[in-house]
Amino acid sequence: MDFVNAIILLLNYIFIPALTYGSQLALGAIFVTLIYGILRFANFATGDMMSFGTMATILFTWYFQSLGVSLGVLPTALLAIPFGIIFMILYMLLIDKFVFKYYRHQKSPPVQFAMVSIGVMFVTQAIVRIIIGPGDRRFFDGEKFIIKAREFKEITGLNEGLALKSTQVITIFVTIVLVSLLFWFLNRTKTGKSMKAYSDNEDLALLSGIDPKKIVLVTWVIAGILATIGGALYGLDKSFKPFTYFNNMLPIFAAAIVGGIGNPFGAFLGGYVIAFSEILLTYAYKKFFMYVLPESMEPNSLVQLLSTDYKFAVSFSILVIVLIYRPSGIFKGKVL
Amino acid sequence: MRKNLNVIAAYSIMMVLILMVGIFQSWNIALSIFNLCLISAVMTMGANIQWGYAGLINFGIMGYTALGGLAAVLISVDPVQEAWRAGGFDILMSLWLIVVMVLVIRFILKRFEKSKIRTYSIAAIIISGILLIRFSAEPGIEAIEAVDPAKTGFLGGFGLPIIFSWIVGALFAGGLAFIVGKVALGLRADYLAIATLLISEIVIAIIKHEDWLTRGVKNVIGLKRPAPYEVDLQTTGWFINLVEKFNSGKLSVIENLADRQAALNQLVIEGSSVFVKLCYSGLFLVVVIILLILTQKALYSPWGRMMRAIRDNEEAANAMGKNVVKQHLLIFILGSAIVGIAGAMLVTQDGLFTPGSYRPMRYTFLIWVMVIVGGSGNNFGAILGGFVVWFLWIEAAPISLFLINFFTAGIPETNALKAHLIESVPYFRFLLMGLGLLFIMRYRPKGILPEKIEIK
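Residues numbered from 1 in each chain as written. Chains lettered and ligands numbered in written order. Predicted model: local features only at pLDDT ≥ 70, side-chain atom pairs only at ≥ 80, totals over all residues.

Asker: Give a description of the overall build of chain A that names residues and reports values.
Answerer: Scanning chain A from N- to C-terminus turns up 13 helices and two strands. Relative to the compact-globule value of 20 Å for 336 residues, chain A shows a C-alpha radius of gyration of 21 Å, a close match. Expressed as lengths along the three principal axes of its C-alpha atoms, the size of chain A is roughly 70 × 55 × 35 Å. Per-residue burial for chain A yields a buried fraction of 46% across its 336 residues. (Helix = DSSP H or I, 4+ residues; strand = E, 2+ residues; numbered from the N terminus. Rg over C-alpha atoms; globule rule 2.2 N^0.38 Å. Buried ≥ 20, exposed ≤ 12 C-beta atoms within 10 Å, placed from the backbone.)

As structure tokens, this is what we get:
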């Protein structure tokens, strides 16, 4: 029985939260990696673009709520996400037309692109803060829990409860669907394949008659979908605050690079690598050992490798180590 | 003279702008803007050395600034004897352990050939060392943090004049840059940017959460000052006389003696804070001028030419026998050390150290906007960038408030949109910075004062 308790404990405090957080990071990381692979720059506006998409989603959610439209047990935000996506894509295309296009034609070095994306970051941040303000916004409605910890205890008779939030299930489910669709698109359709070709060798791709304008357009559309859904899921699960989104850019970068930048599948896995290592290294295992070990060997301290204050530092350290010893990432991205 | 006309014009405009703030808003605001402009200028000079001279991208400016600030605390605060007695021994033991660990690793690196076993054993030493230090330092740290946590709860510093910290801050930042440079400088430009950004976040995390060293988010307040205190000045004879002399015209108009005394008191209070700020301005100006002379000398020296050669064509410079790796490391350390000075200056001026306030937006990206806008590779440009951008950063809110009121003059105050816009005035500064950066990068990619190299 103790063993089952220990497993439930780990599931409840490590596995499910890490899987959720990892999914949110993974979507952002694929976004970063696509931009890096096809448009060839590190997009420092990632976090703020995600907050823009989330903001659009929130505004539509409020609108629907005021109309009295709802999805019952599901959050209304799910209904608003498609509209948020449209706004996000329009915004990205606008930015691309007025900012990035010029540098693409100039064939500027990646560093210059990165600098320009910092300009975009400032502007996006300003727009988001001016429209919705810098404060904390919660826009979740509907049923909060699928399984409540107390109910779980009563049903199973265990000491440890397992709480399953609906946002966690939605996040994981949506991520799986979206990522499968994306990989199907990239590997099976003609446009997807030409995107890959363009990312591998631009000149050769152009020679074989691939339309670069179309590639760029499709990239931004996919990026818009990923950014909005990733941002909205994070916002649903925790809460929406522009500053947090800006900060999330850093673990997202870490995930993309750890997975091998330019490699979407690597970025997807990288999100989970970062999330799991953050949570595994900062979790206090005292209770776990109390269940598993006999009474005489119970630990006195918290058995915590690092204090939770260093959560972010963990992912950054992993990234730095990966960058130094294996710059192409764990899953062998191509260093473009 | 002729060729420097644009430099002189740009600086004069900047000075006029600051003087206008002094005349229309207040001299206090003008001077605090001016002081922060000077500090920003020091930071941009540091970043400019790395980016403009050598083409190294450093997004870790925030980390070096914070280390400079930490130096100010560690140098100027009086040591907390009780905390030292409570946990000083444990901390010293951990320090000793770290030194031993580094020496062992160095020994292994020197002694054994590169192999998988070596890599794994080094990793094992580091991990077990960290665990060992964590468990051995734990009681000491807890004891230190328990010492009067509302007031101290940390080890304190050396109790020296805070001015020394400007040098120590440079050493701290240079030391960190040495480590960062050793591990990260081989990376490609945008990877380097990300790596330095993340390393600086790690530094901030450590400063924020190691309370025994920095008091963490509890902040350190009331640091010593290199300038006199306002309260002391207000009771000093010569200062009151000085203020009286300066304002004799204004004061002589007032007939009533009591009223005149009250007016004088008011003037003395205002004057004292202006005087203190002027003291800081003087100190900062000295630093800026010394650094400017040094960086200009360096730029036009053979060393400067070599750096530009490395920046423009690394392979060619390498082929000419220049040690690119070593020079990159050197310039990375120099630039970061200058940023460290600025960090110490900043904390000196504020008189408090707030680890929570170090955010990449303000201390990394804004500084980069300054470098790009001012003109990378040109020291005068970098300083000007620091001035222009900081000025706009502060004055963006009043300017945008004015513009909003101007354009919505016909709309009543109660209009929801107008109220919302006025409420979000503070965020227009981000918009202004972003647009400024985008426009400069598009239409004047070399900045306001472009780099120009005369070859004679």
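There's plenty left to go through after this.
Asker: I'd love a proper account of the overall build of chain B, names of residues and values included.
Answerer: Secondary structure summary: chain B contains 19 helices and zero strands in total. Summarising its shape, the C-alpha atoms of chain B cover approximately 90 × 60 × 50 Å along the three principal directions. Burial analysis of chain B (456 residues in total) assigns 39% to the buried set. Sequence separation of at least 24 residues holds for 84% of the intrachain contacts in chain B that already meet a minimum separation of 6. (Contact = placed C-beta atoms within 7 Å.)

Asker: Mind laying out the interface of chain B and chain A, listing which residues take part and the relevant values?
Answerer: Listed by partner, the interface residues are 30 residues for chain B and 34 residues for chain A. Sorting the residues of the side of chain B that touches chain A by element identifies helix 7 (189-209), helix 16 (360-374) and helix 19 (428-443) of chain B as the ones contributing at least two each. Residue contributions to the side of chain B that touches chain A peak at twelve residues, all from helix 7 of chain B. Residues belonging to the side of chain B that touches chain A are distributed by class as follows: 24 nonpolar, three polar and three charged. (Nonpolar A, V, L, I, M, F, W, Y, C, P; charged D, E, K, R; others polar.)

Asker: Lay out unusual backbone geometry with the relevant residues and their values.
Answerer: Residues and elements named next belong to chain A. Although it is not a glycine, arginine 40 adopts a positive phi angle of roughly 65°. Look at lysine 107: it is not a glycine, yet its phi comes out positive at around 55°. Secondary-structure assignment places lysine 107 in the loop between helix 3 (77-106) and helix 4 (110-132).

Asker: A description of the domain arrangement of chain B should follow, citing residues and the corresponding values.
Answerer: Residues and elements named next belong to chain B. Per the domain assignment, the segments of chain B are domain 1 (2-79 + 156-443) and domain 2 (81-155). Facing the eight residues of domain 1 at the interface are twelve residues of domain 2. When the residues that make up the side of domain 1 that touches domain 2 are grouped by side-chain class, the tally is three nonpolar, two polar and three charged. (Domains from an automatic or database assignment.)

Asker: Let's hear about helix 1 (residues 5-24) of chain B: which residues, and what values?
Answerer: Between its first and last C-alpha, helix 1 of chain B extends 28 Å over 20 residues, near the 28 Å set by a 1.5 Å rise per residue. For helix 1 of chain B, the buried fraction is low: one of the 20 residues fall into the buried class. (Expected span 1.5 Å × (residues − 1).)

Asker: Just give me the short version of the environment of tryptophan 51 of chain B, but keep the residues and values in it.
Answerer: All names here are of chain B. Structurally, tryptophan 51 can be placed in helix 2 (residues 27-53). Taking the C-alpha atoms as reference points, tryptophan 51 and isoleucine 372, 321 residues apart in sequence, are found 9.6 Å from one another. In contact with tryptophan 51, other than residues within four places in its own chain, are Leu56, Ile57, Val371 and Ser376.

Asker: How would you summarise helix 11 (residues 264-282) of chain A if you had to cite specific residues and measurements?
Answerer: Residue and element names in this part refer to chain A. Here helix 11 spans 28 Å end to end across 19 residues, near enough to the 27 Å set by a 1.5 Å rise per residue. Taken as a whole, helix 11 has its buried residues at Pro264, Gly266, Ala267, Phe268, Leu269, Gly270, Gly271, Val273, Ile274, Ala275, Glu278 and Ile279. Buried residues along helix 11 sit against helix 1 (2-39), helix 6 (166-188), helix 10 (242-258) and helix 13 (311-325).

Asker: Before we move on, can you summarise the confidence of the model for chain B with the specific residues and values?
Answerer: A low pLDDT means the predicted coordinates there should not be read in detail. Residues and elements named next belong to chain B. Model confidence for chain B is summarised by a mean pLDDT of 89, while 98% of its residues fall at 70 or above. When mean pLDDT is taken per element in chain B, helix 15 (residues 324-350) scores highest with 95 and helix 11 (residues 248-253) scores lowest with 79. Scored as a complex, the prediction yields pTM 0.91 and ipTM 0.89. (pLDDT = per-residue confidence, 0-100.)

Asker: Help me get a handle on the environment of glycine 156 of chain B, residues and values and all.
Answerer: All names here are of chain B. Secondary-structure assignment places glycine 156 in the loop between helix 5 (116-146) and helix 6 (164-184). In this structure the C-alpha to C-alpha distance between glycine 156 and leucine 74, which are 82 residues apart in sequence, comes to 6.5 Å. Beyond its immediate stretch of four places on either side in the chain, glycine 156 contacts Val77, Asp78, Pro79, Val80 and Ala83.

Asker: I'd like a rundown of the environment of lysine 311 of chain A, residues and numbers included.
Answerer: Residues and elements named next belong to chain A. For lysine 311, the position within the fold is in helix 13. Sequence-wise, lysine 311 and tyrosine 283 are 28 residues apart; in three dimensions their C-alpha atoms are separated by 9.7 Å. Leaving out residues up to four positions away in the same chain, lysine 311 has contacts with Glu278 and Thr282.

Asker: Can you explain the nonpolar core? Please cite residues and give values.
Answerer: In terms of nonpolar packing, the biggest core is built from 206 residues, with Ala254 of chain A together with Val42 and Leu198 of chain B touching the most fellow members. The element contributing the most residues to this core is helix 2 of chain B, with 16 residues. Contact partners of alanine 254 of chain A, with chain neighbours within four places excluded, come to Ile274, Ser315, Phe316, Ile318 and Leu319 of chain A together with Leu198 of chain B. Counting nine residues, the second largest nonpolar core, distinct from the first, contains Ala83, Ala86, Ile144 and Phe154 of chain B. (Core = buried A, V, L, I, M, F, W, Y, C linked by C-beta atoms within 7 Å.)

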